[in-house]
Amino acid sequence: MHNWPQALLGGALIGLAAVLAMATVGRIAGISGIASGLLYGGDDHAWRASFVFGLLSAAPLYALFSGGSGLGLPQVGAATMLIAGVLVGLGTGLSAGCTSGHGVCGIARFSPRSLAATAIFMIAAILTVGMIRHVLAVQP
Amino acid sequence: MKLLAGYVTGLIFGIGLLLGGMTDPARILGFLDLAGHWDPTLAFVMFGAVVVTAPGYRWLFRSAKPWLEASFHLPAAATIDRRLVIGAVLFGVGWGLAGYCPGPVIVSAWSGSTGVYLLLGGMILGWWLARRAARNPFFAAQATGHAVS
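Residues numbered from 1 in each chain as written. Chains lettered and ligands numbered in written order. Predicted model: local features only at pLDDT ≥ 70, side-chain atom pairs only at ≥ 80, totals over all residues.

### Observations regarding the overall build of chain A
When helices and strands are counted, chain A shows six helices and zero strands. Sequence-ordered secondary structure for chain A, helices as α and strands as β, is α-α-α-α-α-α. Dimensions of chain A, computed from the C-alpha atoms along their principal axes, are close to 50 × 40 × 30 Å. Classification of the 140 residues of chain A by burial places 60% in the buried group. Once local pairs closer than 6 in sequence are excluded, the contacts in chain A between residues at least 24 apart make up 39%. (Helix = DSSP H or I, 4+ residues; strand = E, 2+ residues; numbered from the N terminus. Buried ≥ 20, exposed ≤ 12 C-beta atoms within 10 Å, placed from the backbone. Contact = placed C-beta atoms within 7 Å.)

In structure tokens:
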């Protein structure tokens, strides 16, 4: 199972990818920005497509070498997953970044916008989970 | 060369998410549930990522340009406006509902789970809605552009 050295190593690899994206093409490694720009008129489609292709290659390769899939399963029903997806898309689209773009890359370059966005989405997510699990008392 | 760079970058990013346990929504919700059996994994992943990225960026920004392009593409927006705040709230609620953010859900496309496809589809619809909403006068005078596009 996961332990903190493995979590740190995973984080360091995400950081390495963020540094590589900036080093090679000068871009923020923000998944929502890269993927939404691929679908809806961003520049440099070829690089975006190859990045997403790499992201999609990760799970099969990981399974090949680790023996496990590394993929967890949804904890909530189909309707909630769909609603969550719309909110994640709308929210990251409006605020121009997600956990990677604001939470990792933005914080790493000390962007005030990203620090604010990360604090806000963390608090909103914590309140949402608290509301569901402890106020409405719905347990997964 | 740029395509190879993009592919390798995406692959390393995805492996990092998998190794860090970010593709397991139970773990994410366990982190966000401060009043439950708190799971600190996500904090270690974000710490590990920022600790590598921050000095990496510092070193890279000493150069005038990246290796393969003429200039850095950094977000121009500088103000904390309502578009950023409202978007971050909506994203946080969506993340808290299911425990998936954009990177992990794309990596999880292989899980074969209907729920994952619904979230992916919803997210793609949400990105489209965001582009529409951003043209509304309520947001229009606000910061423009995505962090990357």
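There's plenty left to go through after this.
### Describing the overall build of chain B
Counting its secondary structure elements, chain B contains seven helices and zero strands. N-terminal to C-terminal, the α/β element order of chain B is α-α-α-α-α-α-α. For chain B, the C-alpha atoms occupy an extent of roughly 45 × 40 × 30 Å along the three principal directions. Looking at chain B as a whole, 52% of its 149 residues are labelled buried. Intrachain contacts of chain B at a sequence separation of at least 6 include 52% that bridge at least 24 residues.

### Things to note about unusual backbone geometry
Across residues other than glycine, the phi torsion is negative in most instances, and most of the peptide bonds are trans. All names here are of chain A. Positive phi outside glycine occurs at Ala 96, with the angle close to 60°. Along the polypeptide, Ala 96 turns up in the loop between α4 (78-95) and α5 (101-108). With 32 C-beta atoms counted inside 10 Å, the residue Ala 96 sits in the buried group. With a phi angle near 55°, Phe 110 is a residue other than glycine that sits in the positive phi range. Note on placement: Phe 110 falls in the loop between α5 and α6 (112-135). For Phe 110, a count of 11 C-beta atoms within 10 Å puts it in the exposed group.

### Some thoughts on the interface of chain B and chain A
Taken together, the contact pairs 109 residues of chain B with 105 residues of chain A. Sorting the residues of the side of chain B that touches chain A by element identifies α1 (2-19), α2 (25-32), α3 (41-60), α4 (82-98), α5 (102-107) and α6 (114-134) of chain B as the ones contributing at least two each. When residues of the side of chain B that touches chain A are assigned to their parent elements, the largest contribution, 19 residues, is made by α6 of chain B. Its residues assigned to classes, the side of chain B that touches chain A shows 69 nonpolar, 32 polar and eight charged. (Nonpolar A, V, L, I, M, F, W, Y, C, P; charged D, E, K, R; others polar.)

### Section: the nonpolar core
Core analysis: the largest hydrophobic core is formed by 90 residues, its most contacted members being Ile 14, Ala 17, Ala 18, Leu 87 and Phe 121 of chain A together with Leu 119 of chain B. Tallying contributions element by element places helix α1 (residues 4-25) of chain A first for this core, with 13 residues. Leu 119 of chain B has contacts with Met 81, Leu 82, Ala 84 and Gly 85 of chain A together with Ala 98, Tyr 100 and Val 105 of chain B, leaving out every residue within four places of it along the chain. (Core = buried A, V, L, I, M, F, W, Y, C linked by C-beta atoms within 7 Å.)

### A closer look at the packing of α5 of chain A against α3 of chain B
One way to put it is that α5 of chain A packs onto α3 of chain B with a least axis distance of 7 Å and a crossing angle of 40°. The angle between α5 of chain A and α3 of chain B falls in the class oblique. Crossing handedness for the pair α5 of chain A and α3 of chain B: right-handed. Contacts from Gly 103, Val 104, Cys 105, Ile 107 and Ala 108 of chain A in α5 of chain A reach Met 46, Ala 49, Val 50, Thr 53, Ala 54 and Tyr 57 of chain B in α3 of chain B. Considered class by class, the residues forming the contact of α5 of chain A with α3 of chain B number nine nonpolar, two polar and no charged. (Axes fitted to C-alpha atoms, helices over the stretch in contact; angles between N-to-C directions. Parallel < 35°, antiparallel > 145°, perpendicular 65-115°, else oblique. Left-handed = near helix turned anticlockwise from the far one by under 90°.)

### Focus: the confidence of the model for chain B
Summarising the model, chain B shows a mean pLDDT of 93, and 94% of its residues fall at 70 or more. Here helix α7 (residues 137-140) of chain B is the element of chain B with the lowest mean pLDDT, 84, and α5 of chain B is the one with the highest, 98. (pLDDT = per-residue confidence, 0-100.)

### A few points about the environment of Trp 110 of chain B
Counting through the fold element by element, Trp 110 of chain B comes out in the loop between α5 and α6. By the C-beta count within 10 Å, which is 19 here, Trp 110 of chain B ends up partly exposed. Taking C-alpha positions, Trp 110 of chain B is 24 Å from Trp 128 of chain B, a pair spaced 18 residues apart along the chain. Contact partners of Trp 110 of chain B, with chain neighbours within four places excluded, come to Ala 59, Pro 60 and Leu 71 of chain A.

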